[in-house]
Amino acid sequence: MKTLLLRRLAVLLPTLLLVSMMVFGLLKLLPGDPALALAGEERNPEVVEYLRQKYRFNDPIPVQYAVWLKALVHGDFGTSVRTRLPIGTMLAEKLPVTVELAILSMLVALLVGLPIGIFAALGRGTPFDYGASLFGLAGLSIPHFWLGIMLILLFSVNLGWLPAGGFVPPSESVGRNLLSMLMPSLVLGTGTAAIMMRHVRSAMIEAMKQDYVRTARAKGVRESTIVLRHALPNALIPVVTLGTLQFGELLAGAVLTEQVFSIPGFGKMVVDGVFSRDYAVVQAVVLCTAAVFLLMSLIADVAYVLLNPRLRS
Amino acid sequence: MKRTGTALAAILMIASGLVSASAATLRVGIQDDPDALDPALSGTYSGRFVFAALCDKLVDISPDLKIVPQLAEAWEWSADGKSITFMLRKNVTFHDGTAFDAAAVKFNIERMKTMPDSKRKAELAPIASVEALAADKVKFNLSEPFVPLLANLSDRAGMMVSPKAATEKAGEFAAAPVCAGPYQFAERKSRDLIRVKKYPGYWNAARVGYDEVVYYYVPDSTVRLSRVRAGDLDLAERIAPTDLKTVRDDPNLALHSGQGLAVSHLMFNVGAGAKADTPLGKNSTLRQAFELAIDRNVINRVAFNGEFLADNQMIPPSSPFYDSARKAPARDVGKAKAMIAAAGMTRVPVEIQYENTAGDSRVAQIIQSMAGEAGFDVKLLPMETTTAIERYMNGNFEAYIGNWSGRADPDPTLVAFFSCAGSQNVNKYCNKDLDAILNQARGEADEAKRKALYAKATDIYLTALSSIPLHHPNWFFAARKSVGGIVMVPDGLLRLVGVGPVN
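These notes cover the structure that comes with them. (Residues numbered from 1 in each chain as written. Chains lettered and ligands numbered in written order. Predicted model: local features only at pLDDT ≥ 70, side-chain atom pairs only at ≥ 80, totals over all residues. Heavy atoms only, no water.)

Structural notes on the overall build of chain B
Then, number 1: Secondary structure assignment for chain B yields 17 helices and 21 strands.
Then, number 2: The C-alpha radius of gyration computed for chain B amounts to 25 Å, which stays within 12% of the reference 23 Å derived for 503 residues, consistent with globular compactness.
Then, number 3: Burial analysis of chain B (503 residues in total) assigns 59% to the buried set.
Then, number 4: Taking contacts inside chain B between residues at least 6 apart in sequence as the whole, the part at least 24 apart equals 68%.
Then, number 5: With the model as given, the accessible surface of chain B reaches about 18,500 Å², and the carbon-plus-sulfur share is 53%.
Then, number 6: The positive charge centre, built from 58 side chains, and the negative charge centre, built from 56, are 3 Å apart in chain B. (Helix = DSSP H or I, 4+ residues; strand = E, 2+ residues; numbered from the N terminus. Rg over C-alpha atoms; globule rule 2.2 N^0.38 Å. Buried < 20%, exposed > 50% of the residue type's maximum accessible area, 1.4 Å probe, protein only. Contact = heavy atoms within 4.5 Å. Areas by Shrake-Rupley, 256 points an atom, 1.4 Å probe, with all protein chains shown as cover. Lys, Arg positive; Asp, Glu negative; His and termini not counted. Charge placed at Lys NZ, Arg CZ, Asp CG, Glu CD.)

Some points on the sheet that holds strand 19 (residues 474-480) of chain B
All names here are of chain B.
Then, number 1: In space, the 7 strands of this open sheet follow the order 8-9-10-1-11-19-12, with mixed pairing throughout. Every other strand in the sheet has two partners, leaving strand 8 (183-189) and strand 12 (253-259) as the edge strands with one partner each.
Then, number 2: When strand 8 meets strand 9 (residues 193-198), the two strands line up antiparallel, connected through 6 bridges. If you follow Phe-185 over to strand 9, its bridge partner there is Val-196.
Then, number 3: Across the sheet, helix 7 (residues 221-229) lies against strand 1 (25-30), strand 11 (235-236), strand 12 and strand 19, angled at about 30° from strand 19, the strand it touches most. (Pairing = 2+ DSSP bridges. Axes fitted to C-alpha atoms, helices over the stretch in contact; angles between N-to-C directions.)

Remarks on the interface of chain B and chain A
It is common to report an interface's size as the accessible area lost on association of the parts.
Then, number 1: In this assembly, 51 residues from chain B lie in contact with 50 residues from chain A.
Then, number 2: Both faces combined, the contact of chain B with chain A buries some 4,400 Å², and carbon together with sulfur accounts for 58% of it.
Then, number 3: At the boundary of chain B and chain A, one finds 5 salt bridges.
Then, number 4: Across the salt bridge formed by Asp117(B) and Arg84(A), the nearest N and O atoms sit 3.0 Å from each other.
Then, number 5: Linking chain B to chain A there are 17 residue pairs in polar contact (both at pLDDT 80 or more).
Then, number 6: For the side of chain B that touches chain A, the elements supplying multiple residues, two or more each, are helix 1 (2-19), helix 4 (121-124), strand 8, helix 7, helix 14 (385-393) and strand 17 (399-404) of chain B.
Then, number 7: With 7 residues, helix 1 of chain B is the largest single contributor of residues to the side of chain B that touches chain A. (Buried area = accessible area lost by both parts, 1.4 Å probe. Salt bridge = Lys/Arg side-chain N within 4 Å of Asp/Glu carboxyl O. Polar contact = N/O pair within 3.5 Å; in protein donor to acceptor, adjacent residues only side chain to side chain.)

Considerations on the packing of aromatic side chains
What describes a pair of aromatic rings is the distance from one ring centre to the other and the angle between the planes of the rings.
Then, number 1: Evaluation of the coordinates by the stated rule reveals 25 aromatic pairs over all chains.
Then, number 2: Measuring from ring centre to ring centre gives 6.2 Å for Phe57(A) and Tyr279(A), while their planes differ by 85°; the resulting arrangement is edge-to-face. Separated by 222 residues along the polypeptide, Phe57(A) in the loop between helix 3 (45-54) and helix 4 (61-73) and Tyr279(A) in helix 13 (residues 279-307) bring together distant segments of the chain.
Then, number 3: Taking the relative accessible area as the measure of exposure, Phe57(A) reaches 17% and is therefore buried.
Then, number 4: Ring geometry for Tyr45(B) versus Trp475(B): centroids 4.9 Å apart, planes at 15°, classification stacked. Of this pair, Tyr45(B) sits in helix 2 (residues 45-54) while Trp475(B) is found in strand 19, placing the two residues 430 residues apart along the sequence. Like Tyr45(B), the residue Trp475(B) is buried in the burial classification.
Then, number 5: An aromatic cluster is defined as three or more aromatic residues linked by ring pairs; in this entry it consists of Tyr45(B), Phe49(B), Tyr215(B), Trp475(B) and Phe477(B).
Then, number 6: The ring of Phe173(B) is capped by Arg111(B), whose NZ or CZ atom sits 5.2 Å from the centre of that ring.
Then, number 7: Lying over the aromatic face of Tyr216(B), Arg227(B) brings its terminal NZ or CZ to 5.8 Å of the ring centre. (Phe/Tyr/Trp six-rings, centres within 6.5 Å; stacked < 30°, edge-to-face > 60°. Lys NZ or Arg CZ within 6 Å of the ring centre and 35° of its normal.)

With respect to the packing of helix 9 (residues 211-219) of chain A against helix 10 (residues 223-251) of chain A
Residues and elements named next belong to chain A.
Then, number 1: For the pair helix 9 and helix 10, the least separation of the axes is 10 Å and the interaxial angle reads 160°. By the angle between their axes, helix 9 is roughly antiparallel relative to helix 10. Helix 10 is crossed by helix 9, and the crossing has right-handed handedness. Residues Tyr-212, Val-213, Ala-216 and Arg-217 of helix 9 form the contact with helix 10, whose participating residues are Glu-223, Ile-226, His-230, Ala-231 and Asn-234. (Parallel < 35°, antiparallel > 145°, perpendicular 65-115°, else oblique. Left-handed = near helix turned anticlockwise from the far one by under 90°.)

Here is the structure:
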């Protein structure tokens, strides 16, 4: 267990370095001149040249990378070339929003996906099971932006129950914060819930076929005990892994959901960063996301071992 | 179960009641996240939109594009047109309490002319020196007579920032700008919101109706409108033409629309590198045939629900210098075909490049279909914006759908696109006669004479047709009826003096 942890932690840093190099290289492969994009509508050649010098767009890519890395090691993420705001502050503002949205969406996914998956597995072939499959299909295939706009029209425009978008920091008001996050996390959560549901269902069906379930039944154990004590813990092992990775993905930001509900998270920040060739912003977000994702996969591995006694030796 | 449902609904309703902010805050939805909040550096419309609250300018423009006083109360041109003296408003202070005076004006003009990455250099280029004659009197000496200067000063080039703040916070000024406008900067959460609060020391504070204005970044226009409809925002800018019916049908909303300065036009590469070597690039008759092959009204109707203004000139009809004698020709496919035949061709190939936005894509497809009927084989080449800009600047296109934001004065637009060395003349059109006329017009103080010169210029560029103007976008704001006093100005900015809550 300890060696596993140490081994994984040792790989973390080189992986992050590799990720940052790849992103840096890929960004530089993009066509288009960032200095021209920055120089305003008139694009005065003098200004364009100054911007090229100032942001070292003319330097060889390895040099640019080294400069960026050196600053990063000193804790400086740099400044956004577009807004002239420090990227460290931008990250500090966005990270809590993204994390909150991810947690709430995961909560929705668990509260919806788990029970439906379990009951669908137990009642295989019943109308409920078909309904659950339908939900799974819909959850996966309905585009988030469409669902988001429909929810806004219903709950904000027609019923007036919920704010149509925007983010209220919990420091300002916890209640309004939760209200503003309700629809976004529902939209994001349903997609994840559908994936969860399908996995729980098949894992549960598999578990219920196992010998120990038959033995338990033969002993006369109550059906609810069989499900909750014997089958479910085993069925959950792959689901935990999946859930952790899904959570990592939610943390990478949800571009469309953020856009529809004007949630200031990572997703739109990185996309706009790419479009305006704001390299430092993209680098910072990707690095953050990669770190979180690696951490989540580490947690998934650990949880897997903890849940599965056979792997503990 | 039913009771829980009702209780939940009740809680939600009470809570959402709390959501609506106090009456003295104006919540505005803007389409883009503004760039650097420094008038010397800013290069976006959304940035200018926020500056309308933060930074007053020496002069302003009125809805009919006349120059009106703002920080300067009056001005006087010298007889030779080579200098202008401004009488400044007294008792004006910047948001940090320092005084606005002639020395501050001198500082600002020099700052924008010398800052290495200043985007205002071209607009202020004719100013050779600035003299502070008295605390409230400042003189600009010009290198040559330059009438459009006042129009330039009605935008960012005329915005005055606090010299103290600009010197002390040089590098970080854009993160917390200090100007002399009706509202002062309070906070900015990047890609989320910009909050400004009323500046009690503003010279016209009595007419400032809201205590606070918050600009929320809401990129999607449908969502922006939904939030205004839900009462989550009080006003949203740039409503999509396809959504206007929704605004008109909503009893709680008012649609504010107005003519804009911008123009969308189809540029042909007539002289920039290898891509100019096309039938359309070499032959102005074919370009005239192309103009006859398309129907601007159809483009407007199909792509923009007929809500924009189909027009054949770079200068919008709202300008006093618009040439109303030069009407757009009606579509004439037969004549276009005959002109193509006269040029010894049957099919004329052309590749149109454009930024892959919804609007431009629709325009390009409509042009493709209409021009095809006359004998033009149009290939479409959509490009991601930054890539498109680079190819545009390098003249790497056969034809390009350009979107120019326009200026209050005709000079910057016409010089940029049609003078031989113009900054936007990336398709390399050059006509010395036109250059001479444009040069003469910028020194002509008499409006009637100046108008006659621009009529001549219009004749020349509409005959050469290095660019075919297509339409002028209009401005559309959707606002709650509770927001009063909104006046639309062609630059599409929301001026906040005089705007306030009504019952």
